[in-house]
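Listed here are the chains, written in short residue letters.
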Amino acid sequence: MRGVTLALRWAARVLFALLCVAVAAYAFAYLFLDHPPGNRFHQQFMASGWDVPMHFFGGGVALLLAPLQLGTGVRRIVPRLHRLSGGIYIGAVLIGGLGALSMARHSQGPTGLPFAMLATLWLLVTGLGLRHAIAGRIDLHRRWMARSIALTASAVTLRLILGAGLAMQCPGGAVYTFAAWACWTFNLALCEGLLRWPEIRARLRGRLPALSG
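First, a word on what this report is: a plain description of the structure on this page. Since the structure is predicted, the reported quantities are computational estimates derived from the model, not experimental observations.

Quick notes on the rules
Residues numbered from 1 in each chain as written. Predicted model: local features only at pLDDT ≥ 70, side-chain atom pairs only at ≥ 80, totals over all residues. Heavy atoms only, no water. Core = buried A, V, L, I, M, F, W, Y, C linked by side-chain atoms within 4.5 Å. Buried < 20%, exposed > 50% of the residue type's maximum accessible area, 1.4 Å probe, protein only. Helix = DSSP H or I, 4+ residues; strand = E, 2+ residues; numbered from the N terminus. Contact = heavy atoms within 4.5 Å. Polar contact = N/O pair within 3.5 Å; in protein donor to acceptor, adjacent residues only side chain to side chain. Patch = residues over 30% accessible without salt bridge, like charges linked within 9 Å, V, L, I, M, F, W, Y side chains within 5 Å. Areas by Shrake-Rupley, 256 points an atom, 1.4 Å probe, with all protein chains shown as cover. Salt bridge = Lys/Arg side-chain N within 4 Å of Asp/Glu carboxyl O. Axes fitted to C-alpha atoms, helices over the stretch in contact; angles between N-to-C directions. Parallel < 35°, antiparallel > 145°, perpendicular 65-115°, else oblique. Left-handed = near helix turned anticlockwise from the far one by under 90°. Nonpolar A, V, L, I, M, F, W, Y, C, P; charged D, E, K, R; others polar. Expected span 1.5 Å × (residues − 1). Phe/Tyr/Trp six-rings, centres within 6.5 Å; stacked < 30°, edge-to-face > 60°. Lys NZ or Arg CZ within 6 Å of the ring centre and 35° of its normal.

**Details of the nonpolar core**
- By size, the foremost hydrophobic cluster in this structure holds 23 residues, and its most contacted members are A62, Y89, F115, W122 and L151.
- Taken together, the elements giving at least two residues each to this core come down to α3 (51-70), α5 (79-103), α6 (112-134), α7 (138-152), α8 (154-167) and α9 (172-204).
- No other element matches the six residues that α9 contributes to this core.
- When neighbours within four sequence positions are excluded, Y89 is seen to be in contact with A62, L65, W122, T126, M145, S148, I149 and T152.

See the structure below:
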């Protein structure tokens, strides 16, 4: 049973890394691809200005580094690489998050609010992770950076939801609005559940009186 659990964890990590790389590659390629003249998303992006390349570049770099930052092996064996990639990750989130805040003004339909909330939380949560690292509160640093990576991975979840909606032939506008909210709220909820699972399990077994903060 332990071997099956370990295999499932490794499979989940590999799948997560592959999805992050795929979406990051799309983000980088989008800046150089030719798009049809009637593509309304691209037209809005073109009208938006420099915030589009800021968001796509910063978000792409953050996605590429997210699996590396989650890896406990790198943090334990090569701590300098972990700190270096972590610094680059935080800089990428800053660039991508500021670009996303600006882009939210030009979002399709009622999606401006959820995307603006996502960008704001992305910046704040990552900032808290950095603050705890500087203060030497490593456990809190890891927890907040896990939440930051969950928000970074919302780019992956967004496209999975859109793809599922397209496959089921659902109305595009409704799916896009749903995805704008669900891509980051689902990720945060899942991340919080995973972070608190050891405490929840111990509480269910009667070992803890209550959850810690």
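**Re the side chain of N187**
- Residue placement: N187 occurs in helix α9.
- A polar side-chain atom of N187 sits 3.5 Å from the main-chain carbonyl oxygen of C183.
- Contact partners of N187, with chain neighbours within four places excluded, come to A150, A153, S154, T157 and A182.

**Observations concerning a nonpolar patch on the surface**
- A contiguous nonpolar patch, built from L31, F32, W50, M54, F57, L94, I95, L98 and L101 and spanning about 920 Å² of accessible area, is present on the exposed surface.
- Breaking the nonpolar patch down by element, the ones donating at least two residues are α3 and α5.
- Among the structural elements, L31 can be located in the loop between α1 (2-30) and α2 (40-48).
- Given a relative accessible area of 31%, L31 falls into the partly exposed group.

**Things to note about the environment of A155**
- Locating A155 in the fold gives a position in helix α8.
- Here A155 falls in the partly exposed class, since its relative accessible area comes to 21%.
- Residues contacting A155, with those up to four places away along its chain left out, are V23 and L63.

**Some words on the packing of α8 against α9**
- In contact at an axis separation of 8 Å, α8 and α9 are set at 140° when each is read in the N-to-C sense. Here α8 is positioned oblique relative to α9, judged by the angle of their axes. As α8 runs across α9, the sense of the crossing is right-handed. Contacts between α8 and α9 involve S154, T157, L158, I161, L162 and G165 on the former and, on the latter, V175, Y176, F178, A179, A180, A182, C183, W184, F186 and N187.
- When its residues are assigned to classes, the contact of α8 with α9 shows 12 nonpolar, four polar and no charged.

**Thoughts on α7**
- Compared with an ideal rise of 1.5 Å per residue, which puts 15 residues at 21 Å, α7 spans 20 Å between its outermost C-alpha atoms and is within 8% of the ideal.
- Residues H141, R143, M145, A146, R147, S148, I149, A150, L151 and T152 constitute the buried set of α7.
- Each element contacted by the buried residues of α7 is listed here: α1, α3, α5, α6, α8 and α9.

**Observations regarding the packing of aromatic side chains**
- One pass over the structure, following the stated rule, counts five aromatic pairs.
- Centroid distance Y30 to F56: 5.0 Å. Interplanar angle 40°. Geometry classified as tilted. Taken together, the residues span a long stretch of sequence, with Y30 in helix α1 and F56 in helix α3 at a distance of 26 residues. The pair formed by Y30 and F56 is uniform in burial state, with each residue classed as buried.
- Here W181 and W184 contribute two aromatic rings whose centre-to-centre distance is 6.3 Å and whose plane-to-plane angle is 35°, an arrangement assigned as tilted. Linking W181 with W184, this pair stays in helix α9, spanning three residues, or about one helical turn.
- On the basis of relative accessibility, which here comes to 34%, the residue W181 falls in the partly exposed class.
- The rings of Y26, Y30 and F56 are connected pair by pair, giving a single aromatic cluster.
- Over the face of the ring belonging to W10 we find R13, whose NZ or CZ atom lies 5.4 Å from the ring centre.
- In this arrangement the basic side chain of R147 is found over the ring face of W144, its NZ or CZ atom lying 4.4 Å from the centre.

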